[in-house]
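Results of the structural survey
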Amino acid sequence: MSADQPNVIVFNTDQQRADCLGCAGGPVDTPTVDALAREGRRFTNAFVTSPLCSPSRASIFTGRYPHEHGVYGNDVPLPENQETFVETLSRAGYETALYGKWHLGVPETDHSETLWRDAPPGFDTFLPTMAHDAVGCDDPSCVEYLKPEGAVAADADESAWRDPDGEFEVSELGGSFSPMGTSKIPADHHMTAWLADN
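Report on the accompanying structure. Here the structure is a predicted model, which means the values were calculated and not measured.

Here the focus is the overall build of the chain. Along its length, the chain carries six helices and four strands. In the chain, the succession of helices and strands from N to C terminus is α-α-α-α-β-β-β-β-α-α. The proportion of buried residues among the 198 residues of the chain is 34%. Long-range contacts, defined here as pairs at least 24 residues apart, represent 49% of the contacts in the chain between residues at least 6 apart. Of the roughly 12700 Å² that the chain leaves accessible, carbon and sulfur atoms contribute 52%.

The following block contains the structure:
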């Protein structure tokens, strides 16, 4: 990458309405996102191609509608014949990376750890997470990071991360999803902090 090429950061939040953000007058304190909105470009009349996560993400990465890129629902892998803007940036000499939620490939699991496929084409660094609720840390290397820190026991599984007093059923709110809740892991050891450190 030449010195005159600008850095490109795609910062994609998840699981909230647009008016939840502080910069949109919402009730949630989001100082970092608000600063990005204030110092960068904020589009106030933009719409996603799908109300579902995976199809919408696939459209962001490919610039195509769901009926064109083939990701018609959540956990449907992005077909390998679909080129992403990441591949275009890579060919232009950019070093590319993903940190956080990918949600465009189905993980294989042996019920003890999550095994992701190799990095999708174009990514030099690929550090994905899987969970929607992010109560714990769903990447094996994140779990290994937490153990020496004492944030989780050496033999911990996901049940050790959840605070049973902070859990509630989403069905109580009219949904039919799995239980959500708070984490027992201190904020400075949360998966978000681990991603930022990496």
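For the structure shown, the criterion picks out six aromatic pairs. Between tryptophan 102 and phenylalanine 126 the ring centres are 5.4 Å apart and the planes differ by 85 degrees, which places this aromatic pair in the edge-to-face class. You can see tryptophan 102 sitting in the loop between strand E1 (97-101) and strand E2 (108-109) and its partner phenylalanine 126 sitting in strand E4 (residues 125-129), a full 24 residues away along the chain. One exposure class covers both tryptophan 102 and phenylalanine 126, and it is buried.

Glancing now at a nonpolar patch on the surface. Together, Val8, Val10 and Ile60 make up a nonpolar patch on the protein surface, roughly 260 Å² of accessible area in all. Secondary-structure assignment places valine 10 in the segment before helix H1 (31-39).

Mapping aspartate 34 onto the fold places it in helix H1. Of the side chains bearing the opposite charge, arginine 38 lies closest to the buried aspartate 34, which forms no salt bridge; the N-O distance is 6.0 Å.

Moving on, we get to the side chain of threonine 30. Position of threonine 30 among the secondary structure elements: in the segment before H1. For threonine 30, the contacting residues outside a window of four places in its chain are Leu21, Gly22 and Cys23.

We now examine helix H2 (residues 53-62). Along H2, nine of the ten residues are buried, which leaves the element largely enclosed by surrounding structure. Within H2, burial applies to Cys53, Ser54, Pro55, Ser56, Arg57, Ala58, Ser59, Phe61 and Thr62. Where the residues of H2 are buried, they touch helix H3 (66-69), helix H4 (85-91) and E1. At the exit of H2 stands glycine 63, carrying a positive phi of roughly 75 degrees.

With that out of the way, let us pick up the pairing of E4. Side-chain direction in a regular strand flips from residue to residue, so the side chains alternate between the two faces of the sheet. Across the five residues of E4, four count as buried, placing the element largely inside the fold. Alignment of E1 against E4, held across five bridges, turns out to be parallel. Within E4, the residue paired with glycine 100 across the bridge is proline 128.

Let us look at unusual backbone geometry. With phi around 60 degrees, histidine 103 is a residue other than glycine that occupies positive phi space. Relative to the helices and strands, histidine 103 resides in the loop between E1 and E2. Its relative accessible area of 5% is what places histidine 103 among the buried residues.

What counts, and where the lines are drawn
Residues numbered from 1 in each chain as written. Predicted model: local features only at pLDDT ≥ 70, side-chain atom pairs only at ≥ 80, totals over all residues. Heavy atoms only, no water. Helix = DSSP H or I, 4+ residues; strand = E, 2+ residues; numbered from the N terminus. Buried < 20%, exposed > 50% of the residue type's maximum accessible area, 1.4 Å probe, protein only. Contact = heavy atoms within 4.5 Å. Areas by Shrake-Rupley, 256 points an atom, 1.4 Å probe, with all protein chains shown as cover. Phe/Tyr/Trp six-rings, centres within 6.5 Å; stacked < 30°, edge-to-face > 60°. Patch = residues over 30% accessible without salt bridge, like charges linked within 9 Å, V, L, I, M, F, W, Y side chains within 5 Å. Salt bridge = Lys/Arg side-chain N within 4 Å of Asp/Glu carboxyl O. Lys, Arg positive; Asp, Glu negative; His and termini not counted. Pairing = 2+ DSSP bridges.

Shape is all these values report; function is a separate question.
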